[in-house]
Amino acid sequence: MTAAAQFDYAIDVEGLNKHFDGKHVVKDVSLRVRKGEIFGFLGPNGSGKTTTIRMMCGLLKPDSGTGTCLGHDIRRESAEIKRSVGYMTQRFSFWEDLTIAENMEFVARIYQLRDRKATVRKSLADLGLTARAHQLAGELSGGWKQRMALAACMLHAPQLLLLDEPTAGVDPRARRDFWDELQALAAKGISVLVSTHYMDEAVRCHKLAYISSGTLLAQGTAQEIIEGQHLNTWAIHGDHLAELQEELRKRDNVAQTVTFGDVLHVSGTNDELLEREIEAAVGRSGRRVERIETSLEDVFIYLMGRSETNSGGNA
Amino acid sequence: MKGRQRFSGARWWAVVLKEFTQLKRDRLTFAMIMGIPIMQMTLFGFAINTIPRHLDTGVISADDSDVTRDFMEAMQNSSYFKIVERLPNEEAGREALAQGQLLFVVNIPAGFTRQVLRRERPSILIEADATDPTTTGSALAAVDGITQTVIQRELTGPLASLQGGPAPFAVSVHPLYNPDEITQYNVVPGLMGMVLTLTMVMMTGLAVTRERERGTMENLLAMPSTPLEVMTGKLVPYIGIGLLQASIILLAARYVFFVPFFGNVLAVYLSTLLFIAANLTVGITFSSLARNQLQAVQLAIFYFLPNIILSGFMFPFKGMPGWAQAIGNLLPLTYFNRLVRGILLKGNGWADSWPSVWPMMVFTVVVMCVAVATYRRTLD
Ligand SMILES: Nc1ncnc2c1ncn2[C@@H]1O[C@H](COP(=O)(O)OP(=O)(O)O)[C@@H](O)[C@H]1O
Ligand SMILES: [Mg+2]
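Describe the overall build of chain A, naming the residues involved and giving the relevant values.
Within chain A, the secondary structure is distributed over 12 helices and 14 strands. In terms of overall dimensions, chain A has C-alpha extents of about 75 × 45 × 35 Å along its principal axes. Per-residue burial over chain A gives 53% buried out of 315 residues. In chain A, 70% of the contacts between residues at least 6 apart in sequence involve partners at least 24 apart. Surface exposure of chain A reaches about 14,500 Å², of which carbon and sulfur atoms provide 47%. Averaging the coordinates of the 38 positive side-chain charges in chain A and doing the same for the 43 negative ones gives two points 7 Å apart.

This is the structure in structure tokens:
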């Protein structure tokens, strides 16, 4: 347990690789998560998020690569990692034919917690589950299942949480509550690595990483990631934007166009040329055009598009 | 030691409690566990209880006299035999038996009556299809009585002098296809083994694959529980279930079907425990090999078939060809059948039982090693 005091990073992995049946699913992934940090792990479906998380908590052996989780070697010390990390699986993985209380009791016993009864009772109370303690887990709604899962993987007071798409299929209100909870935990010094699809969740993370087809494309704070892509973005307001979007897409200096309701975001790396092309396309239609800050969402869509064309070109 | 966990009794107990709770909620499975032995006992029980009568019999007679006619009449009157055919020769008799058209062929040799009168003590041969001894057994048991009746009825007057002393003629019974001549009581221990094999292997096979299919395995693997704790913890409830099933069968055998118990019932339970252990290791191995619950069930059936066919339950062990005996010798059910039959019906003690006990122990240890080796520690 002395190791726990020495490490700087809750997660520090270097060059992780994983193949499934000859398919390269995770490619040279290196990640660092500081203590007390909420680290967002983003990427489209099938990009390798779950596989990476499983390698970090000792559920899968990486083909190559090294690293530590809470100071424990991910290859050799999976038992220590299992004892000290809280892992919430992507799919609800508690026993649906047990009640909430029975599930929690089981987890408490497996972690050999000292004040088992009291710990379970407190945990249920903290998450507002006391009233439902004797309901079968299988009968809960998505939001309640997720609360229960979080409570269960927090029961042994882990210093690091690995949460795999914890809010998928959960309503917005429950999502917001969940993130308030995460932020409170981080404030107490608990590190969190959370994979997600939602942009509004991404902006609540201290650090982000974006993975696509197994490759990490960007890593850092939201600001760093945005600046790292050197995108300039313009917003065009008005209706019937589809034609204009079509038109702009053909231009060389327009890297991407995205519609958000009645606003069209147009981004490119060369600001001068981009401005000229937008002016030409908009012409005298009277639409309002303004320069805006490139958003995280613009960048992620840009990254996704780029990796698609890259992998499309290679294949 | 780093990277590896020691076995923890507390975590093991957690798994045991969890399994019991889940089992308690699974009404259908529970009903099946209790239902299988009851159903099997009822089905086989009828076979044990009903004494089959009027069984098709053929006669090869090279001698036609009052004595032989009376012998055949006495056979008919006993109600066990029904003479349906006269056969020209022994080949025809064998063929009819082989094809299952007849269950018995009575062969009266030429000059039978003359030999009786000359005190040469000839024999009548009865060949029986003893594949299913519960069918033919009681009929053959009646043959002695029939012979006595005929002797008393026919050898009167001047022939009365033949009555005293050695029997004037003999009837030799030759059971074909089943030299063991298993009695109906043999069914009960065999049934126990069969029910235990099916439920133990299938239930444990399902227990682990269910976790995998529902995604809860990932959770178990991500927590500090070790493979040994999970596996053995999952097995405990099934040991109880197996003993319960064995008790149902033993009780029914004793009090419904009046099977005599010559041996020690505690010894039967100890044998049952060992046999349950052997089957649980098989089930656990299957659950590691199977990707889903369907595959687990398929593997269980795949294992079950040779067990019922080659263990001496369905066909007498010594009547099987060498290769089949060789396979049978690898199966725990073979030894369990012998062991429990020996204890219950012959009152076998420790020394007589040991040759059937150690192979089951070896089997259990070997398969347990396979089970631990095949249990997947990671999700790879
Ligand atoms: N156990 C496995 N066996 C084979 N292929 C797998 C396995 N797990 C994941 N994959 C494949 O690896 C890729 C990445 O999957 P995953 O890590 O689940 O992505 P994500 O969590 O980002 O959606 C997918 O193409 C998926 O089909
Ligand atoms: Mg995933």
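Now that the structure has been shown, the text picks up again.
Any details on the environment of Val-84 of chain B? Residues and values, ideally.
Mapped onto the elements of the fold, Val-84 of chain B is located in strand E2 (residues 81-86). Sequence-wise, Val-84 of chain B and Leu-102 of chain B are 18 residues apart; in three dimensions their C-alpha atoms are separated by 8.6 Å.

Describe the coordination of the magnesium ion (ligand 2), naming the residues involved and giving the relevant values.
Taken together, Thr-50 of chain A (OG1) and Gln-90 of chain A (OE1) make up the full set of protein donors to the magnesium ion (ligand 2), lying 1.9 to 2.1 Å away. With Thr-50 of chain A in helix H2 (residues 49-56) and Gln-90 of chain A in the loop between strand E6 (85-88) and helix H4 (100-110), this pair connects stretches of sequence that are 40 residues apart.

So, H2 of chain A: which residues are in play, and what are the values?
Counting buried residues in H2 of chain A gives seven out of eight residues, a clear majority hidden from the surface. The positive-phi residue at the C-terminal boundary of H2 of chain A is Gly-58 of chain A, with phi of around 80°.

Kindly report on the pattern of salt bridges, identifying the contributing residues and their values.
When their charged atoms lie close together, side chains carrying opposite charge are able to pair. Per the counting criterion, the structure on display carries 30 salt bridges over all chains. Of the charged contacts, one joins Arg-204 of chain A and Asp-180 of chain A as a salt bridge, the two residues approaching to 2.7 Å between their closest N and O atoms. Taken as a pair, Arg-204 of chain A in the loop between helix H8 (199-202) and strand E9 (207-212) and Asp-180 of chain A in helix H7 (residues 172-187) lie far apart in primary sequence, 24 residues in all. Residue Asp-180 of chain A is classed as partly exposed on the basis of its relative accessible area of 38%. For Asp-64 of chain B, the salt bridge identified is with Arg-69 of chain B, shortest N-O distance 3.2 Å. We classify Asp-64 of chain B as exposed; its relative accessible area is 56%. Taking the relative accessible area as the measure of exposure, Arg-69 of chain B reaches 41% and is therefore partly exposed. Among the charged side chains, a network of salt bridges with common partners joins Glu-105, Arg-109, Arg-116 and Lys-117 of chain A.

Just give me the short version of the side chain of Ser-267 of chain A, but keep the residues and values in it.
Residues and elements named next belong to chain A. Position of Ser-267 relative to the elements: it lies in strand E13 (residues 263-268). The class of Ser-267 is buried, set by a relative accessible area of 0%. Reaching out from Ser-267, the side chain makes a polar contact with the side chain of Thr-233 at a distance of 3.1 Å. Contact partners of Ser-267, with chain neighbours within four places excluded, come to Leu-231, Asn-232, Thr-233, Asn-253, Val-254, Ala-255, Gln-256 and Leu-274.

I'd like a rundown of the packing of helix H11 (residues 265-289) of chain B against helix H15 (residues 350-374) of chain B, residues and numbers included.
Residue and element names in this part refer to chain B. Where H11 meets H15, the axes come as close as 8 Å, and the angle between the chain directions of the two elements is 25°. Our classification of the angle between H11 and H15 gives roughly parallel. In the packing of H11 onto H15, the handedness of the crossing is left-handed. In contact with Leu-274, Phe-275, Ala-277, Ala-278, Thr-281, Val-282, Ile-284, Thr-285, Ser-288 and Leu-289 of H11, H15 contributes Val-357, Met-360, Met-361, Phe-363, Thr-364, Val-367, Met-368, Val-370, Ala-371 and Thr-374. A class-by-class count of the residues in the contact of H11 with H15 yields 15 nonpolar, five polar and no charged.

Let's hear about the site of ligand 1: which residues, and what values?
Residue and element names in this part refer to chain A. By nearness alone, every residue bordering ligand 1 is listed as Phe-20, Lys-23, Val-25, Pro-44, Asn-45, Gly-46, Ser-47, Gly-48, Lys-49, Thr-50 and Thr-51. Here an oxygen atom of ligand 1 sits 3.2 Å away from a polar atom, N or O, in the main chain of Ser-47. A distance of 2.6 Å is found between an oxygen atom of ligand 1 and a side-chain nitrogen or oxygen belonging to Thr-50. In isolation ligand 1 has 560 Å² of accessible area, and contact with the protein removes 68% of it. At the level of elements, strand E2 (23-34) and H2 are the ones that each hand at least two residues to the shell around ligand 1. A breakdown of the residues in the shell around ligand 1 according to their chemical character gives three nonpolar, six polar and two charged.

Cut-offs and rules
Residues numbered from 1 in each chain as written. Chains lettered and ligands numbered in written order. Predicted model: local features only at pLDDT ≥ 70, side-chain atom pairs only at ≥ 80, totals over all residues. Heavy atoms only, no water. Helix = DSSP H or I, 4+ residues; strand = E, 2+ residues; numbered from the N terminus. Buried < 20%, exposed > 50% of the residue type's maximum accessible area, 1.4 Å probe, protein only. Contact = heavy atoms within 4.5 Å. Areas by Shrake-Rupley, 256 points an atom, 1.4 Å probe, with all protein chains shown as cover. Lys, Arg positive; Asp, Glu negative; His and termini not counted. Charge placed at Lys NZ, Arg CZ, Asp CG, Glu CD. Donors = N, O, S within 2.8 Å, 3.2 Å for Na, K, Ca; no water. Salt bridge = Lys/Arg side-chain N within 4 Å of Asp/Glu carboxyl O. Polar contact = N/O pair within 3.5 Å; in protein donor to acceptor, adjacent residues only side chain to side chain. Axes fitted to C-alpha atoms, helices over the stretch in contact; angles between N-to-C directions. Parallel < 35°, antiparallel > 145°, perpendicular 65-115°, else oblique. Left-handed = near helix turned anticlockwise from the far one by under 90°. Nonpolar A, V, L, I, M, F, W, Y, C, P; charged D, E, K, R; others polar. Near = heavy atom within 4 Å.

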